[in-house]
Structures are given as structure tokens and as C-alpha cells.
2 protein chains.
Amino acid sequence: MGVVYYKQNKNILEPHLSWDEMRLVYVSFNDRQETLTPTAVHCHEKNLELQYICGGRGNLRIGSRLYEVQEGDLLVYNQGELHDESADPEQGLWFYNCGVTGLNLPGRPEGELIAPETSPRIHAGEMAGVVESLFKLLYAEVERDLPKNEQITHDILRVLISMILYQLPKECQLPPREKDRLLIACKDYIDSHFMEELTVEKLAERSHMSISGFAHQFKKIFGFPPIQYIIRRRIGEAQRLLFTTDLSITEVSVRVGYDNISYFNNQFKRFAGMSPQNYRKSKVGAHQFKKLNKLLLHHPI
Amino acid sequence: MGVVYYKQNKNILEPHLSWDEMRLVYVSFNDRQETLTPTAVHCHEKNLELQYICGGRGNLRIGSRLYEVQEGDLLVYNQGELHDESADPEQGLWFYNCGVTGLNLPGRPEGELIAPETSPRIHAGEMAGVVESLFKLLYAEVERDLPKNEQITHDILRVLISMILYQLPKECQLPPREKDRLLIACKDYIDSHFMEELTVEKLAERSHMSISGFAHQFKKIFGFPPIQYIIRRRIGEAQRLLFTTDLSITEVSVRVGYDNISYFNNQFKRFAGMSPQNYRKSKVGAHQFKKLNKLLLHHPI
């Protein structure tokens with residue numbers, strides 16, 4: 001039971017935070033089944049992404065760190081932050097995602113909601129139920145194309161983002177250890193040069209380490225051996241291109257660094273469990289793909 | 001599964017609807033147990049009230065009409081609208097309530113969210129889950145006194161009220177039948193003169209009907225015989241005064257039309273299942289009562 005009374009206050013609006021430019025650009029729900037086609041290393045150059053874990057377990061790599069996630073976790077991917085999903089193969093992982101543009105917090109780069117010294121994984125705890133409901137409502141508003149949904153999704157985003165900024169418990173994270181800096185620099189190099197020909201030899205050299213030492217340390221920090229990480233980065237970019245553009249499969253394969261299309265097809269299939277064509281179809285769907293094409297004409301993601 | 005894409009739109013804000021003055025003044029949850037102490041005929045002169053039925057069954061009288069309600073129903077009580085709750089004695093009725101001030105829709109009186117020709121009972125249907133979550137969130141924000149909750153509850157109210165205005169299914173209701181008008185006028189007279197000495201004879205005379213005809217028709221329309229309705233109106237006002245002021249029990253009893261305090265105590269107890277003193281304690285609670293007193297100094301409800 002309970003009656004809760006509430007004091008009135010004349011100055012309830014945050015004076016320095018402007019919400020006017022903020023927009024929802026997409027919202028999606030990924031069910032357990034889609035665990036079978038995970039998304040490899042990718043980032044969103046033009047939007048911030050929020051993700052709420054509804055169930056299952058998995059490992060998410062965000063920037064240079066690995067995070068174990070489960071039900072009730074909320075993940076914040078600042079604009080342009082590389083990330084990578086690995087669902088637990090037995091339990092799977094299901095979640096809501098949404099993309100937000102035009103968030104400008106005072107003194108922060110565009111689309112940065114979480115400061116670098118704060119963990120992007122937030123345990124929503126006793127607020128998990130309401131956080132999930134807010135995602136559910138965002139999804140329902142857009143999926144059903146309800147009247148005035150643009151105004152309502154805007155207000156829901158304000159609630160979500162204010163809860164993240166002011167209410168949900170946040171954890172500090174230490175800066176990377178000195179001895180890991182070279183390896184992180186090397187990973188950053190892969191992230192931006194993945195379409196070039198990269199070898200473990202050259203990468204080890206960049207890190208001033210032996211080949212075996214480099215491969216061992218790399219795996220320890222990032223969860224994958226260097227070669228596999230390069231593949232994940234390429235496949236992740238291919239997924240993004242398949243998903244958000246109508247480039248041909250051949251063009252996608254070239255853009256992510258494969259000269260040989262059948263080799264690309266094999267690598268893709270091994271990772272995602274299906275061909276690039278089928279991936280595009282399954283992820284976008286006949287109906288949504290049309291919508292998406294319309295969207296892309298004006299607003300490439 | 002599903003990915004839903006969303007078009008961006010530059011003009012998402014309603015130009016003519018100003019939210020700046022709107023405030024949450026209270027939010028409460030009434031559990032099944034509280035069914036035993038129902039609230040009789042009352043109104044909120046200074047705020048609009050929204051109510052979401054979480055479970056159980058009951059009859060609500062709003063203005064001159066009776067509505068059956070159950071899980072998933074959202075009720076809108078425009079500012080100053082008299083209403084009355086009767087829970088099903090077996091199943092009970094449990095719900096969230098919240099009070100809102102400063103809502104001014106273009107071309108409507110202050111605090112009028114639902115036009116008179118529209119039913120104030122809204123079946124939330126497939127949106128019921130999210131509507132309930134929004135109330136739950138409002139309650140959590142205020143109960144836990146979370147940081148920046150004033151801004152967040154404001155945004156949640158915007159979502160709720162926009163959903164009511166633009167999305168939830170609304171039913172038209174016919175104007176009252178010509179032959180019921182005299183009886184409605186008579187009920188309106190009771191509503192505003194309940195503290196005076198009223199007799200069925202005089203009321204029948206006002207309606208140009210025989211005493212038995214009047215009593216029969218009155219019960220048919222409003223659910224209670226006239227005498228019982230007068231008592232409910234008096235007890236409802238007494239509950240409001242006990243709940244929102246610190247007037248003495250004697251003063252409350254005089255204000256609602258009882259010269260004899262022990263007769264008032266008996267009538268109150270018969271209706272609410274407890275004495276006026278205990279009602280005040282149980283409804284407000286030691287902790288909240290303090291808060292409430294503080295609130296009342298500046299903002300009588």
C-alpha cells in the first residue's frame with residue numbers, strides 16, 4: 001500500500017540540458033533465436049546506442065574492455081564506440097536496442113552519454129522492470145506507428161536518458177594499465193585498418209613483442225587471438241553494410257578487405273551461420289527493408 | 001523478433017500544447033486490502049486525477065454515470081468532477097492514482113483532459129502493460145525520492161497524457177436522456193448542498209415526482225437510494241477533509257452536516273469500517289502525514 005505525496009517545485013526543468021535536437025532513429029528487439037547470428041565488431045558513427053538485456057547471458061566487448069552481461073543490464077554505446085557481442089551459446093541473449101542522435105551534453109562530444117571513466121554497463125537493479133518497460137513502449141510506439149509517436153518517443157528518451165544520468169547506479173572503471181597501452185593501440189590500429197592486409201608478424205612488431213607473446217597477451221585482454229579479431233572486425237563491418245546500405249555483396253566484400261568473394265562468403269557463413277544474402281534478408285525483412293531504403297535516401301545510418 | 005526503423009522528423013513538438021505549468025502533486029497505490037475502506041463521493045477541486053486499475057472489479061460513479069471497471073482500465077477524473085468508488089466485495093479492486101495540476105488544453109477549462117462527450121473510462125487494451133509501468137515508475141520516482149525526480153515525473157506525465165490524448169481508444173457517450181435531466185439536477189443539488197438538512201420529500205418535490213417514484217428512479221440511475229447517496233456524499237467529503245487537512249474530527253463532522261458527533265462517528269464507521277481517527281492514520285500514515293502537513297501549508301489539495 002502507500003500514498004506518496006509530492007512537493008511542488010517551480011524550477012523542475014534542467015536549465016543547461018537541451019533536448020530539442022535529440023531524436024530516436026531506430027529501436028529493435030533481438031530474440032533468443034537471433035543469438036545464432038551475432039553481430040561482430042561494429043560501431044555507429046552517427047548515433048548513440050542504448051541496449052537493455054532482457055535475458056540470457058553473454059560477453060560484450062566495448063572499446064578495449066570485456067563485460068559479462070545478463071538480465072537487467074543496460075549498456076551505453078557512445079557514438080562511434082566499437083563493440084562486439086558474444087552470446088552464451090547455451091542460454092542465448094535477448095535484448096532491446098535503440099539508436100539516438102542529437103544528444104549533446106554540456107562539455108562532452110556529441111553522442112557521449114557515459115564518460116570514459118564510467119563503466120558503460122549499468123546494473124539497473126530494482127529499476128530494471130521500468131527500464132525494460134520504457135524500451136517496450138518505445139518499440140510499441142514505432143512498430144505500431146501510433147499517432148504522435150514522435151513526440152512520445154522523444155519524451156520516453158528523455159526519461160531513459162535522465163535515469164541514466166541521474167539515477168541508475170554507475171561504476172567507475174580504472175584507466176587501462178600502462179603495460180596494456182601498446183596492445184590497445186595495436187587493437188585500435190586493427191579497428192581502423194582492418195580492410196588492409198594485416199599479419200600477426202607486423203602487428204607484433206608494432207607492439208615491440210614476440211609473435212607468440214603478442215598473440216597470447218592480445219587474447220588475454222580482448223578475448224580473441226589477433227587473426228580472429230581481424231576477421232570479427234571485418235565481418236562486423238560487412239554486417240553493418242549489409243544491414244544499412246544496398247551495396248552488392250561483392251562491393252561489401254571488397255570494402256571490408258576481401259579480394260576473393262567466395263572466401264568472404266565462407267568466412268561470413270562460418271561466423272553468422274548464414275550467407276551474406278540471407279543475413280541481409282533475415283535482419284532487415286521484406287517489409288522493413290523498404291522502409292529502410294526510404295530512410296537511407298535522406299538519413300544514412 | 002524485429003527491427004523497427006524510424007523516420008526522423010524536424011517538427012516533433014506540439015506547437016500549441018504547453019506543458020510548462022503541469023506538475024505531479026501526488027501518486028498513490030491502493031492495494032486490495034484498502035478496498036475495505038473505500039472512498040465515497042468526492043472530488044479534487046485543484047487537480048486532475050488519473051487512475052489505473054491493476055486488478056479486481058468495481059463500479060465507479062463519475063459525474064452522473066456508473067462505470068464497471070476492471071484490470072487495464074484507465075480513468076480520467078477532470079478537475080472538480082465528483083466521483084465515487086465501490087469495489088466488488090469479493091474480488092476487491094486495486095489501483096494507482098495520481099494527481100496533476102496545471103494542465104491547460106487549448107479551448108478547454110483548466111484540468112479538463114477528457115471532453116464531456118467522451119467516456120472517462122478508457123480500456124487501455126494491448127497498451128495496458130506500458131500504462132501500468134508508467135504509473136509504477138511515477139510511484140517509484142516519488143516514493144524513493146530519486147534524484148531529479150521532478151524532471152522525470154514531468155516527462156512521464158507528458159507521455160501518459162499524450163497517450164490518452166492521441167493513442168488510447170476512446171468511446172463516445174450519449175448526452176443524458178431528457179427524462180433523466182431533472183434527476184441529475186437533483187443529484188447536483190445534493191452534491192452542493194449535502195451539508196444542509198435534506199429530506200427525500202423536499203428532493204422529490206424539486207423533481208416534480210412522487211416520493212416513491214423519485215426514490216426508485218434515483219436508485220436506478222445513480223446506484224443508491226437518495227438517503228444513502230446523501231450519506232456517501234457527506235462521508236466522501238469527510239474523508240477528503242481527514243485526508244488533506246488537520247481539522248479536528250468534530251470540525252469535520254460539522255462541516256459535512258452532522259451536529260451530533262457520535263452519530264457521525266457511527267455513520268463513518270459503518271461506511272469505512274473504522275473510526276474517522278483511524279481512517280486518517282491508516283490513509284496518511286505517520287511518515288506521510290508529516291510530509292502532507294508540510295505540503296498543505298503552501299499547497300492545499
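Residues numbered from 1 in each chain as written. Chains lettered and ligands numbered in written order. Predicted model: local features only at pLDDT ≥ 70, side-chain atom pairs only at ≥ 80, totals over all residues. Heavy atoms only, no water.

With that settled, consider the overall build of chain A. Secondary structure assignment for chain A yields 10 helices and eight strands. Looking at the 301 residues of chain A, the share that counts as buried comes to 56%. In chain A, once contacts between residues fewer than 6 apart in sequence are set aside, the share between residues at least 24 apart is 72%. In the structure as shown, chain A presents an accessible area of about 13,700 Å², 51% of it carried by carbon and sulfur atoms. (Helix = DSSP H or I, 4+ residues; strand = E, 2+ residues; numbered from the N terminus. Buried < 20%, exposed > 50% of the residue type's maximum accessible area, 1.4 Å probe, protein only. Contact = heavy atoms within 4.5 Å. Areas by Shrake-Rupley, 256 points an atom, 1.4 Å probe, with all protein chains shown as cover.)

Residues and elements named next belong to chain A. By the secondary structure assignment, T39 is in the loop between β2 (23-30) and β3 (48-62). T39 gets classed as buried once you look at its relative accessible area, which sits at 15%. Among residues more than four places away in sequence, those in contact with T39 are D84, E85, Q239, F271 and Y279.

A few words on the packing of helix α6 (residues 226-244) of chain B against helix α8 (residues 261-272) of chain B. All names here are of chain B. One can describe the packing of α6 onto α8 by two numbers: an axis separation of 10 Å at closest approach and a directional angle of 90°. Accordingly, the angle class assigned to the pair α6 and α8 is roughly perpendicular. Here I231, R232, I235, A238, Q239 and L242 of α6 lie close against α8, whose contacting residues are F264, Q267, F268, F271 and A272. Of the residues in the contact of α6 with α8, the class split is eight nonpolar, two polar and one charged. (Axes fitted to C-alpha atoms, helices over the stretch in contact; angles between N-to-C directions. Parallel < 35°, antiparallel > 145°, perpendicular 65-115°, else oblique. Nonpolar A, V, L, I, M, F, W, Y, C, P; charged D, E, K, R; others polar.)

Taken as a whole and assessed by the stated rule, the structure comprises 22 aromatic pairs over all chains. Put simply, the rings of F29(A), Y52(A), Y96(A), F135(A) and Y139(A) pair up and form one aromatic cluster. Taking NZ or CZ as reference, R234(B) lies 5.0 Å from the ring centre of Y258(B), over its face. (Phe/Tyr/Trp six-rings, centres within 6.5 Å; stacked < 30°, edge-to-face > 60°. Lys NZ or Arg CZ within 6 Å of the ring centre and 35° of its normal.)

What follows concerns α6(B). Its 19 residues place the ends of α6(B) 27 Å apart at the C-alpha level, agreeing with the 27 Å of an ideal helix rising 1.5 Å per residue. The buried fraction of α6(B) amounts to 15 of the 19 residues, a majority that puts the element mostly inside the structure. (Expected span 1.5 Å × (residues − 1).)

Here the focus is the nonpolar core. One finds M163(A) and M163(B) to be the most contacted residues of the largest nonpolar core, which totals 82 residues. Look past the residues within four positions of M163(A) in its chain and what remains in contact with it is M127(A), V130(A), V131(A), L134(A), L168(A), L137(B), E141(B) and I152(B). (Core = buried A, V, L, I, M, F, W, Y, C linked by side-chain atoms within 4.5 Å.)

By the definition in use, this model includes 20 salt bridges over all chains. For E126(B), the salt bridge goes to R144(A), with nearest N and O atoms at 3.6 Å. Here E126(B), found in the loop between β8 (121-123) and α1 (128-143), pairs with R144(A), found in the loop between α1 (128-143) and α2 (149-166), and the two come from separate chains. Residue classification places E126(B) among the exposed residues on the basis of a relative accessible area of 65%. (Salt bridge = Lys/Arg side-chain N within 4 Å of Asp/Glu carboxyl O.)

Residue and element names in this part refer to chain A. Along the chain, I184 falls in helix α3 (residues 181-193). Each C-alpha atom of the pair I184 and S64 lies 6.6 Å from the other, and the pair is 120 residues apart in sequence. Ignoring sequence-local partners within four residues, the contact set of I184 consists of S64, P176 and F222.

Now for the pairing of strand β4 (residues 65-70) of chain A. All names here are of chain A. Note: β3 against β4, six bridges, orientation antiparallel. Paired with L60 across the two strands is Y67, which belongs to β4. Where β3 folds back on β4, the antiparallel hairpin that results is connected by two residues, among which G63 adopts a positive phi of roughly 60°. (Pairing = 2+ DSSP bridges.)

Our focus in this paragraph is the layout of surface pockets. Residues and elements named next belong to chain B. As a volume, the largest pocket reaches approximately 580 Å³. Contributing to the lining of the largest pocket are 34 residues, with I62, G63, S64, E81 and L82 lying nearest its centre. Where the lining of the largest pocket is concerned, the elements lending two or more residues are β4 (65-70), α3 (181-193) and α6. It is α3 that contributes the most residues to the lining of the largest pocket, four residues altogether. The residues that make up the lining of the largest pocket include at least three from each of domain 1 (23-166) and domain 2 (178-295). (1 Å grid on protein atoms, 1.4 Å probe; cavity = no way out; pocket = protein on both sides within 12 Å on 5 of 7 lines; lining within 4 Å. Points joined across faces, edges and corners; volume = space filled by probe spheres on them. Domains from an automatic or database assignment.)

We now examine the environment of S18(A). Residues and elements named next belong to chain A. Relative to the elements of secondary structure, S18 occurs in the loop between β1 (2-5) and β2. With relative accessibility at 44%, the residue S18 sits in the partly exposed group. Taking C-alpha positions, S18 is 9.0 Å from P106, a pair spaced 88 residues apart along the chain. Engagement of the side chain of S18 in a polar contact is seen with the backbone nitrogen of D20, the distance being 3.5 Å. (Polar contact = N/O pair within 3.5 Å; in protein donor to acceptor, adjacent residues only side chain to side chain.)

In the predicted model, chain A carries a mean pLDDT of 87, and the fraction of residues at 70 or more is 88%. This model gives residues 286-301 of chain A a pLDDT under 50, and the stretch forms 23 contacts once residues within four places in sequence are excluded. (pLDDT = per-residue confidence, 0-100.)

Looking now at helix α9 (residues 276-284) of chain A. Burial in α9(A) covers these residues: P276(A), Y279(A), R280(A), K283(A) and V284(A). Axial view of α9(A): buried residues confined to an arc of 100°, hence all on one face. (Arc of directions from axis to C-beta.)

A few words on the environment of E34(A). Residue and element names in this part refer to chain A. By secondary structure assignment, the location of E34 is in the loop between β2 and β3. Judged by its relative accessible area of 12%, E34 falls in the buried class. In sequence terms E34 and K283 are 249 residues apart; their C-alpha atoms lie 8.9 Å from each other.

All right, on to the packing of α1(A) against α1(B) then. In a packed pair of helices, the relevant descriptors are the angle between the two axes and the axis-to-axis distance. Direction vectors running N to C along α1(A) and α1(B) enclose 140°, while the axes themselves pass 10 Å from each other. When the interaxial angle is binned, α1(A) and α1(B) end up oblique. α1(A) and α1(B) meet at a crossing whose hand is left-handed. Between α1(A) and α1(B), the contacting residues are V130(A), S133(A), L134(A) and L137(A) on the first element and V130(B), S133(B), L134(B) and L137(B) on the second. Looking at the contact of α1(A) with α1(B), its residues break down into six nonpolar, two polar and no charged. (Left-handed = near helix turned anticlockwise from the far one by under 90°.)

Take the pairing of strand β7 (residues 93-101) of chain B next. All names here are of chain B. Burial analysis of β7 places eight of its nine residues in the buried class, which makes it a mostly covered element. Pairing geometry for strand β3 (residues 48-62) and β7, over eight bridges, is antiparallel. If you follow E49 over to β7, its bridge partner there is G99.

Moving on, we get to unusual backbone geometry. Residues and elements named next belong to chain B. A positive phi angle, close to 50°, is found at D145, a residue other than glycine. Positionally, D145 belongs in the loop between α1 and α2 (149-166). Owing to a relative accessible area of 53%, D145 belongs among the exposed residues under this scheme.

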